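Descriptive structure summary
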Amino acid sequence: AQSVAQPEDQVNVAEGNPLTVKCTYSVSGNPYLFWYVQYPNRGLQFLLKYITGDNLVKGSYGFEAEFNKSQTSFHLKKPSALVSDSALYFCAVRDSGGYQKVTFGTGTKLQVIP
Amino acid sequence: NAGVTQTPKFQVLKTGQSMTLQCAQDMNHNSMYWYRQDPGMGLRLIYYSASEGTTDKGEVPNGYNVSRLNKREFSLRLESAAPSQTSVYFCASSRGQGARNTEAFFGQGTRLTVV
């Protein structure tokens, strides 16, 4: 069975500082990995994905994520945090060989402090 | 471009009542999904439809039924609501074909309370 772990319920970072939101995964085959962001009372919005190719993936709003196969991780990063980045972030995984089922992590609340 | 539209946005039900959550997408996507979001649980897949005419159970299907009415619409029905079904429900869709088109697009959610 596939799974996703987001070990931090909340991450606090000062505005202007770099941020990292952690994600590790487990899947039987090759993974497709995703990050989504959720603002209050809204649906999830797609940020970026890793399918194949370069381990460093760039996405929306200046976010990027690094795929590390040996550590089964896909951490979300941004060089300089903005207050407007404060939101709930979800990591998700699906098996490249499997059906369309996507498994989500429990989410990490990012708080950027002015 | 509306994307994924869910109705209603809010609903309060009494235990034992039934209701249908509606979802429609205008992106010509093949696959559609229903998730529920509970605090500390992330999103859990209730049912999905890989393509028009097919539906399959997800992680937590008990107490729910779905209908893929056509390519655009995917409804979720609660036949006899229970307090444990109090949650925020999200509909999502994706192209569903090929590795590079796998990201999902979500609706705004339906906040359901069962009393």
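Structure shown above.
Residues numbered from 1 in each chain as written. Chains lettered and ligands numbered in written order. Predicted model: local features only at pLDDT ≥ 70, side-chain atom pairs only at ≥ 80, totals over all residues. Heavy atoms only, no water.

Moving on, we come to unusual backbone geometry. Note that the residue after B:Thr7, namely B:Pro8, is joined by a cis bond; omega there is -5°. One non-glycine residue, A:Tyr61, lies in positive phi territory at about 60°. Of note, A:Tyr61 is situated in the loop between strand E7 (56–58) and strand E8 (64–68). The backbone of B:Asn28 sits at a positive phi, close to 60°, despite the residue not being glycine. (Helix = DSSP H or I, 4+ residues; strand = E, 2+ residues; numbered from the N terminus.)

So, about the sheet that holds strand E7 (residues 64–68) of chain B. Residues and elements named next belong to chain B. Read from one edge to the other, the open sheet built from four strands follows the order E1-E3-E8-E7, with strand pairing classed as antiparallel. Of all the strands in the sheet, the pair left with one neighbour each is strand E1 (4–7) and E7. For this sheet, the mean inter-axis angle between neighbouring strands, taken without regard to orientation, is 15°. Taken together, the five bridges between E7 and strand E8 (residues 74–78) define a ladder with antiparallel strand orientation. When the sheet's bridge partners are listed, Arg68 is paired in E8 with Phe74. (Pairing = 2+ DSSP bridges. Axes fitted to C-alpha atoms, helices over the stretch in contact; angles between N-to-C directions.)

Residue and element names in this part refer to chain B. Applying the stated criterion across every chain, the model contains seven salt bridges over all chains. The closest approach of N and O atoms between Asp38 and Arg44, which form a salt bridge, is 2.8 Å. Judged on exposure class, the residue Asp38 and its partner Arg44 are both buried. (Salt bridge = Lys/Arg side-chain N within 4 Å of Asp/Glu carboxyl O. Buried < 20%, exposed > 50% of the residue type's maximum accessible area, 1.4 Å probe, protein only.)

Residues and elements named next belong to chain A. Here the structure, examined in full by the defined rule, presents two disulfides over all chains. In this model, Cys23 is linked to Cys91 through a disulfide, with the two sulfur atoms separated by 2.0 Å. Its torsion about the S-S bond being -65°, the disulfide of Cys23 and Cys91 is classed as left-handed. Here the residue Cys23 occupies a position in the loop between strand E3 (19–21) and strand E4 (24–26), and Cys91 occupies one in strand E10 (residues 87–95), the gap between them amounting to 68 residues. As far as burial versus exposure is concerned, Cys23 and Cys91 are alike and both buried. (Disulfide = S-S within 2.5 Å.)

This next bit is on the packing of aromatic side chains. Summed over all chains, the structure comprises 13 aromatic pairs over all chains. Between A:Tyr36 and A:Phe46, the ring centres sit 5.9 Å apart and the planes meet at 70°, which makes this aromatic pair edge-to-face. A residue pair is termed long-range when its members are at least 10 positions apart, and A:Tyr36 in strand E5 (residues 31–38) and A:Phe46 in strand E6 (residues 44–50) qualify at 10 residues. Take A:Tyr36: its relative accessible area is 2%, and that puts it in the buried class. Pairing A:Phe104 with B:Phe106 gives two aromatic rings, centres 6.1 Å apart and planes at 80°, and the pair type is edge-to-face. Separated into two different chains, A:Phe104 in strand E11 (residues 103–104) and B:Phe106 in strand E10 (residues 105–106) make up a pair that spans both. (Phe/Tyr/Trp six-rings, centres within 6.5 Å; stacked < 30°, edge-to-face > 60°.)

In this section: the interface of chain A and chain B. Taken residue by residue, the interface counts 22 residues in chain A and 26 residues in chain B. Taking both partners together, chain A and chain B bury about 2000 Å²; carbon and sulfur atoms supply 54% of that area. Where chain A packs against chain B, one counts one salt bridge. When the shortest N-O distance is used, the salt bridge between A:Lys49 and B:Glu103 registers 2.6 Å. (Contact = heavy atoms within 4.5 Å. Buried area = accessible area lost by both parts, 1.4 Å probe.)

Shape is all these values report; function is a separate question.
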